[in-house]
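Residues per chain, in single letters:
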Amino acid sequence: AQSVTQLDSQVPVFEEAPVELRCNYSSSVSVYLFWYVQYPNQGLQLLLKYLSGSTLVESINGFEAEFNKSQTSFHLRKPSVHISDTAEYFCAVSEGPGDTPLVFGKGTRLSVIA
Amino acid sequence: ETGVTQSPTHLIKTRGQQVTLRCSSQSGHNTVSWYQQALGQGPQFIFQYYREEENGRGNFPPRFSGLQFPNYSSELNVNALELDDSALYLCASSLSAGGTARQYFGPGTRLTVL
């Protein structure tokens, strides 16, 4: 069975400061890893994904995540956050790269403080 | 926006009642997945429909059932509602053709059971 642990339920950070949201997973099969973002009263939006290849993946809005197989981690980072990054972030794992069911962590609430 | 719509946006029911939630897929998508997101939790996979057939199910009791129609829209039905069924219900659509199909999430239906 697969599982995801997001180590921090809430992360407050000042604007323009760096941030890291931690995610660890467990799986007995090949893994495909995702980060989703959920803004208030909205559905989930895919932020970035690791399917294969380079272990460092980037999103268009400055986030990046690195797949670390030995540490079973997929931490999300951004060097400088904005107020608009305030949202709930979910790490997820699946057994397939496509629309295989996702197993989500409990989420991390990122609050950016002006 | 993803093009996935859900109705209604909010719903209040009492324990023991039945409820039907609806999801309209993004144009051209043939697969719908449903997730339950309880307060403070990550989404949990309920089931998936592919071309009108159930294509996988999570750990939910049989009183959670679904349908997918020829136009690929979908319904989630929950019978004998319990207080713990209070949650945000998300649907996600995708075009399953193997490979790296991406799931697009709707905004969700907030169900409150009193």
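Up top is the structure.
All values derive from a computational prediction rather than experimental measurement. Residue numbers restart at each chain and count upward from 1, following the sequence in its written direction. To label them, take the chains in the order written and letter them from A, then take the ligands in the order written and number them from 1. Residue-level local features of this predicted model are given only where pLDDT is at least 70; pairs of side-chain atoms are given and counted only at 80 or more, and the full residue set underlies all totals for whole chains, interfaces and linings. Hydrogen atoms and water are omitted, and side-chain values are computed over all heavy atoms in the structure.

K.L.:
Got a minute to help me understand the overall build of chain B in this structure?
P.N.:
Counting its regular elements, chain B contains 0 helices and 11 strands. Here the C-alpha atoms of chain B give a radius of gyration of 13 Å, agreeing with the 13 Å that 2.2 N^0.38 yields for 114 residues. Categorising residues by exposure relies on relative accessible area from a 1.4 Å probe, with only protein chains included: less than 20% of the type maximum marks a residue as buried, more than 50% marks it as exposed, and the intermediate range marks it as partly exposed. A burial count over chain B gives 48% of its 114 residues as buried. For chain B, the exposed surface amounts to about 5,500 Å²; the carbon and sulfur share of it is 48%. In chain B, 8 positive and 8 negative side-chain charges are present, and the distance between their average locations comes to 4 Å. Numbering of helices and strands runs from the N terminus, with a helix taken as a DSSP run of H or I at least four residues long and a strand as a DSSP run of E at least two residues long. We compute the radius of gyration over the C-alpha atoms and compare it with the globule rule, which gives 2.2 Å times the number of residues raised to the power 0.38. The protein chains shown are the only cover counted for residues, whose accessible areas, like all others here, come from Shrake-Rupley with a 1.4 Å probe. Charged residues are defined here as Lys and Arg on the positive side and Asp and Glu on the negative side; His and the ends of the chain fall outside this count. Where a charge lies is defined by one atom per residue type, namely NZ (Lys), CZ (Arg), CG (Asp) and CD (Glu).

K.L.:
Just checking my understanding: could you explain the pattern of salt bridges for this structure?
P.N.:
If the charged atoms of two oppositely charged side chains come close together, the side chains can form a pair. Definition used for salt bridges: Asp or Glu carboxyl oxygen within 4 Å of a side-chain nitrogen of Lys or Arg. What the rule picks out here adds up to 8 salt bridges over all chains. A salt bridge links Arg77(A) to Glu20(A); the nearest nitrogen and oxygen atoms lie 2.8 Å apart. Within this pair, whereas Arg77(A) is found in strand β9 (residues 73-78), its partner Glu20(A) is found in strand β3 (residues 19-21), the two being separated by 57 residues in sequence. Between Glu75(B) and Arg22(B) there is a salt bridge, with the nearest N and O atoms lying 3.5 Å from each other. Of this pair, Glu75(B) sits in strand β8 (residues 74-78) while Arg22(B) sits in strand β3 (residues 19-24), and the two are 53 residues apart along the sequence. Linked through salt bridges whose partners overlap, the residues forming this network are Glu20(A), Glu66(A) and Arg77(A).

K.L.:
Before we go on, may I ask you to explain the packing of aromatic side chains in this structure?
P.N.:
Aromatic ring pairs are reported here in terms of the distance separating the ring centres and the angle at which the planes meet. Residue and element names in this part refer to chain A. To pair, rings of Phe, Tyr and Trp, with the six-membered ring standing in for Trp, must have centres within 6.5 Å; the planes then decide the type, stacked if under 30 degrees apart, edge-to-face if over 60, and tilted in the middle. Summed over all chains, the structure comprises 13 aromatic pairs over all chains. On the basis of an interplanar angle of 45° and a centroid distance of 5.5 Å, the ring pair of Phe-63 and Tyr-89 is categorised as tilted. Here Phe-63 is found in the loop between β7 (56-58) and β8 (64-68), whereas its partner Tyr-89 is found in strand β10 (residues 87-94), with 26 residues between them in sequence. Here Phe-63 and Tyr-89 have matching classes, each one buried.

K.L.:
Before we go on, may I ask you to explain the interface of chain B and chain A in this structure?
P.N.:
The parts lose accessible area when they come together, and the size of an interface is often stated as this lost area. Whether two residues are in contact is decided by their heavy atoms: any pair within 4.5 Å suffices. With 21 residues of chain B at the interface, the matching set in chain A holds 18 residues. Summed over the three residues of chain B that lose the most area to chain A, namely Pro43(B), Gln103(B) and Phe105(B), the buried surface amounts to 29% of that side. Between the two partners, chain B and chain A, sit 0 salt bridges. Distance and chemistry together define a polar contact, namely a pair of N or O atoms within 3.5 Å, with one atom able to donate a hydrogen and the other to accept it when in protein, and with adjacent residues in sequence counting only for side-chain atoms on both sides. Linking chain B with chain A are 3 residue pairs in polar contact (both at pLDDT 80 or more). Once two parts are put together, the accessible area they lose, assessed with a 1.4 Å probe and summed over both, is termed the buried area.

K.L.:
Honestly, unusual backbone geometry in this entry has me stumped. Any pointers?
P.N.:
Outside of glycine, negative phi angles account for most residues, and trans bonds account for most peptide bonds. In this structure, the amide linkage connecting Ser7(B) to the following residue, Pro8(B), adopts the cis form with an omega of -10°. Along the polypeptide, Pro8(B) turns up in the loop between β1 (5-7) and β2 (10-13). Here Thr72(A), not a glycine, exhibits a phi torsion of approximately 45°, which is positive. Secondary-structure assignment places Thr72(A) in the loop between β8 and β9. One non-glycine residue with positive phi stands out, namely Tyr72(B), at about 75°. Positionally, Tyr72(B) belongs in the loop between β7 (64-68) and β8.

Without other data, these values stay purely geometric and don't point to any function.
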